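The primary structure of each chain is shown beneath.
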Protein chains: 2
Amino acid sequence: MIPRETFNNLESEKKQKILETAIDEFAFHGFRQASLNRMVQRIGIAKGSIFQYFGNKEGLFQFIFNHAVELVRGSLRQVKKETAGSDFFERIRGSILAGVRFIEKHPRVYRIYLKMIFQEDFPLRAQFLQQVHLFSAEYLRPMVEQGVARKELRPDLDVDMAVFFLDALMDRFLQASCVSFLDAGVGLYQAPPHEIDRRVDEFIKLIRFGMAAEPGR
Amino acid sequence: MIPRETFNNLESEKKQKILETAIDEFAFHGFRQASLNRMVQRIGIAKGSIFQYFGNKEGLFQFIFNHAVELVRGSLRQVKKETAGSDFFERIRGSILAGVRFIEKHPRVYRIYLKMIFQEDFPLRAQFLQQVHLFSAEYLRPMVEQGVARKELRPDLDVDMAVFFLDALMDRFLQASCVSFLDAGVGLYQAPPHEIDRRVDEFIKLIRFGMAAEPGR
DNA sequence: TCCTATAATGACCACCTGGTCATTTTCAAG
DNA sequence: CTTGAAAATGACCAGGTGGTCATTATAGGA
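Residues numbered from 1 in each chain as written. Chains lettered and ligands numbered in written order. Predicted model: local features only at pLDDT ≥ 70, side-chain atom pairs only at ≥ 80, totals over all residues. Heavy atoms only, no water.

Caption draft 1: The pattern of salt bridges, seen in detail. Residue and element names in this part refer to chain A. One pass over the full model with this rule turns up 38 salt bridges over all chains. Glu195 serves as the salt-bridge partner of Arg198, at 3.4 Å between the closest nitrogen and oxygen. Within this pair, Arg198 and its partner Glu195 are both found in helix H10 (residues 193-209), separated by three residues, close to a single helical turn. Accessibility expressed as a relative area gives 17% for Glu195, which makes it buried. Look at the salt bridges and you will find they share partners, linking Asp24, Glu25, Arg38, Arg42 and Arg108 into a network. (Salt bridge = Lys/Arg side-chain N within 4 Å of Asp/Glu carboxyl O. Helix = DSSP H or I, 4+ residues; strand = E, 2+ residues; numbered from the N terminus. Buried < 20%, exposed > 50% of the residue type's maximum accessible area, 1.4 Å probe, protein only.)

Following this line, the structure appears as structure tokens:
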């Protein structure tokens, strides 16, 4: 259905250019504010072609969206495999660093993600939020459950809340590396890799032991 | 300068209606996508009047923005006073609950905040991010420092990172009460007050003691 | 070389936007 | 009741949007 066969028959260089220009446009302007006129001018094709390939603006975005979901899925599958043998906190560490790497590689895809969270006028938003939820449900939750089973995590842990807790922290850590002032002065914004690495360790320490002076019961 | 004297001379009922309609419009559509035509129709005034009162669309938003900043400042000042005597974690608890109350009272103002974080086309965005930063720098930081001084918090705490940590968690807690699926299934989304209360306690426990089975050194 | 199905094109359309400004309305002072 | 300054009005403008479709270009088979 989307994209139409006509698009798949294109030479892959042209396909790539369309894909990347569209990602860029949506990443910087959101959905409604993204301009097809601007896009076709940058790509160097006629406006009609976009409608031939994708039906309409929403179809184009759907294509971009599916592509992005695949990218994320792939990255997630890989880090899951890479950290399979490690203990709980090492896996969290690996996941955060994988996130940072992903953003370095696909900054514009991540920007679309950020925009979609709080901008209601995106198509597929319900599906998107569902996907976001799946991350915590299918990725984080089993990790936490395993951590408890292996006695790496406190036995009285509220698993639901712990998943939410982790989700919040990991997400914000990544956001802070992209949006200035969201790092609250920790120096995460556009920080070089080795700086991120150091910060992650300190961050994990807090997740691990909390802030209180006396250990809890 | 903004708004012009003409606006201040209006009967306060009309002023209120303009203010609230504008907040609503910006909260649901962001800046560029917000429509002055729609607004004036809802308010029941001529389009020209908006330009008479505020100069242009940006001026109108500036007025809304200043109003919102004052609301937040007031709320922050109050909770600071209310929790002044309590220990660190009680103050955090109070701050989160104050946030929840604020959002209940001014849901649309909070929506504008959420939109401004990742939508670049808002006017005053630099100033906004600066304000957000001030929250962590002037509100959270002294609290953490006091906590360490009083030995409520571990002495080896990385204060910068702890502030970032808290900021991330508190912000997400509030976001989750507004955006479905961001609560990762903890039941925060549009939850009744008593439910929120219970969740906050569990949440604070995690901030306090962390997730690890064994207490850290 | 011709024919034909398919793909590419861009002028054009209706619609909506923020903003302008000549005109009309309002209303208090004289 | 008259006057005049200030305020309100909404038709109008240029510019941008997503989308359409008659026309043109392309290319592979006969």
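That covers the picture; the talk isn't over yet.
Caption draft 2: Looking closely at the packing of aromatic side chains. A full pass over the atoms with the stated rule returns 40 aromatic pairs over all chains. Plain terms: the ring middles of B:Phe31 and B:Phe61 are 5.7 Å apart, the flat faces sit at 70 degrees to each other, and that makes the pair edge-to-face. With B:Phe31 in the loop between helix H2 (12-29) and helix H3 (36-43) and B:Phe61 in helix H5 (residues 57-82), the pair connects residues that are 30 residues apart, well separated along the chain. The class for B:Phe61 is buried, based on a relative accessible area of 1%. An aromatic cluster is defined as three or more aromatic residues linked by ring pairs; in this entry it consists of A:Phe164, A:Phe165, A:Phe173, A:Phe203, B:Phe164, B:Phe165, B:Phe173 and B:Phe203. The aromatic ring of B:Phe31 is capped on one face by B:Lys57, whose charged end is 4.9 Å from the ring centroid. Taking the ring centre of B:Phe28 as reference, the NZ or CZ of B:Arg111 above it sits at 4.2 Å. (Phe/Tyr/Trp six-rings, centres within 6.5 Å; stacked < 30°, edge-to-face > 60°. Lys NZ or Arg CZ within 6 Å of the ring centre and 35° of its normal.)

Caption draft 3: Quick peek at the relation of the copies chain B and chain A. Superposition record for chain B on chain A: RMSD 0.0 Å, screw rotation 180 degrees, translation along axis 0.0 Å. The transformation relating the two chain copies, once decomposed into turn and shift, fits a two-fold axis. Rotation axis and chain B: the residue whose C-alpha lies nearest the axis is B:Gly210, separated from it by 1.9 Å. Comparing interface residues between copies, 100% of those in chain B also lie at the interface in chain A; the contact surface is shared. (Least-squares fit on C-alpha atoms with pLDDT ≥ 70 in both. Contact = heavy atoms within 4.5 Å.)

Caption draft 4: Quick look at the protein's contact with DNA strand D. Near DNA strand D lie 17 residues; those nearest to it are A:Ala34, A:Ser35, A:Leu36, A:Lys47 and A:Lys57. Atoms of DNA strand D within 4 Å of the protein: sugar and phosphate make up 59%, bases the balance. Between A:Leu36 and DNA strand D, the recorded distance is 3.0 Å, taken from a backbone N or O atom to a phosphate oxygen. A:Lys47 is positioned with one of its side-chain polar atoms (N or O) 2.9 Å from a base oxygen of DNA strand D. Contributing elements (two or more residues each) for the surface near DNA strand D: helix H3 (36-43) and helix H4 (47-54) of chain A together with helix H4 (47-54) of chain B. In terms of residue count, H4(B) provides more of the surface near DNA strand D than any other element does, five residues in total. Taken together, the residues of the surface near DNA strand D break down into seven nonpolar, seven polar and three charged. (Near = heavy atom within 4 Å. Polar contact = N/O pair within 3.5 Å; in protein donor to acceptor, adjacent residues only side chain to side chain. Nonpolar A, V, L, I, M, F, W, Y, C, P; charged D, E, K, R; others polar.)

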